[in-house]
Amino acid sequence: MTTSKRKSDDYSQVCGYIKKPLALRFRTVCKAKELEISTVMEELIEQWLEGQKIDI
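Conventions adopted
- Within each chain, residue numbers correspond to sequence positions counted from 1 in written order.
- Side-chain atom pairs in this predicted model are given and counted only at pLDDT of 80 or more, local residue features only at pLDDT of at least 70, and totals for whole chains, interfaces and linings cover all residues.
- Hydrogen atoms and water are omitted, and side-chain values are computed over all heavy atoms in the structure.
- Working definition: helices are DSSP H or I runs of at least four residues, strands are E runs of at least two. Numbering for both runs from the N terminus.
- What a helix is expected to span follows from its residue count: subtract one and scale by 1.5 Å.
- Partly exposed describes any residue whose relative accessible area lies between the buried limit of under 20% and the exposed limit of over 50%, with all areas from a 1.4 Å probe on protein chains only and scaled to the type maximum.
- Contact criterion: two residues are considered in contact whenever any of their non-hydrogen atoms come within 4.5 Å of each other.
- Think of a polar contact as two N or O atoms within 3.5 Å of one another; within protein, one of them needs to be a possible hydrogen donor and the other a possible acceptor, and neighboring residues in sequence only count if both atoms come from side chains.
- Every axis corresponds to a line fitted to the C-alpha atoms, with the helix fit spanning only the stretch in contact, and the corresponding angles, defined between N-to-C directions, vary from 0 to 180 degrees.
- Here is the rule for angles: anything less than 35 degrees is roughly parallel, anything more than 145 is roughly antiparallel, 65 through 115 is roughly perpendicular, and the remaining ranges are oblique.
- By definition, any crossing whose near helix is turned counterclockwise from its far helix by less than a right angle is left-handed, and any crossing with a clockwise turn is right-handed.
- Gly counts as polar in this scheme, as do all residues outside two lists: the nonpolar Ala, Val, Leu, Ile, Met, Phe, Trp, Tyr, Cys and Pro, and the charged Asp, Glu, Lys and Arg.

Named according to an unreviewed UniProt entry, the chain is ParG originating from Anabaena azotica FACHB-119.

Have a look at this one:
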């Protein structure tokens, strides 16, 4: 049995506010492609961090 991300110590919730039309498009495309929103967010955040000049 797998542990949900919500209950896992390996994951942390990240949230913020974006405009409603963008959120709707994002959810719609994720659903259409059968992708988990959290997986896409993680990939996009990793890509963004790789482009930053700060290495922590």
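A.B. asks: Teacher, can you tell me more about helix α1 (residues 20–32) here?
C.D. replies: Residues lying three or four places apart along an α-helix face the same way, a consequence of the helix completing one turn every 3.6 residues. Spanning 13 residues, α1 covers 18 Å between terminal C-alpha atoms, matching the ideal 18 Å at 1.5 Å per step. Immediately downstream of α1, the backbone of E34 shows phi near 55°, a positive value.

A.B. asks: Is there a simple way to think about the environment of K5 in this case?
C.D. replies: Checked against the element boundaries, K5 lands in the segment before α1. Residue K5 is classed as partly exposed on the basis of its relative accessible area, which comes to 31%. Once the C-alpha coordinates of K5 and S38 are considered, the two residues, 33 residues apart in sequence, prove to be 9.5 Å apart. Beyond its immediate chain neighbours, meaning those up to four positions away, K5 contacts Y11, E36, S38 and T39. Separated by 3.0 Å, the side chains of K5 and S38 make a polar contact.

A.B. asks: Teacher, can you tell me more about the packing of α1 against helix α2 (residues 37–50) here?
C.D. replies: Relative orientation and spacing of two packed helices are given, respectively, by the angle between their axes and the distance between those axes. Where α1 contacts α2, the two axes come as close as 10 Å, and the packing angle between them is 110°. The orientation of α1 with respect to α2, classified from their angle, is roughly perpendicular. Of the two elements, α1 crosses α2, and the hand of that crossing is right-handed. Along its contact with α1, which presents F26, R27 and C30, the element α2 presents I37, V40 and M41. For the contact of α1 with α2, the per-class residue count stands at five nonpolar, no polar and one charged.

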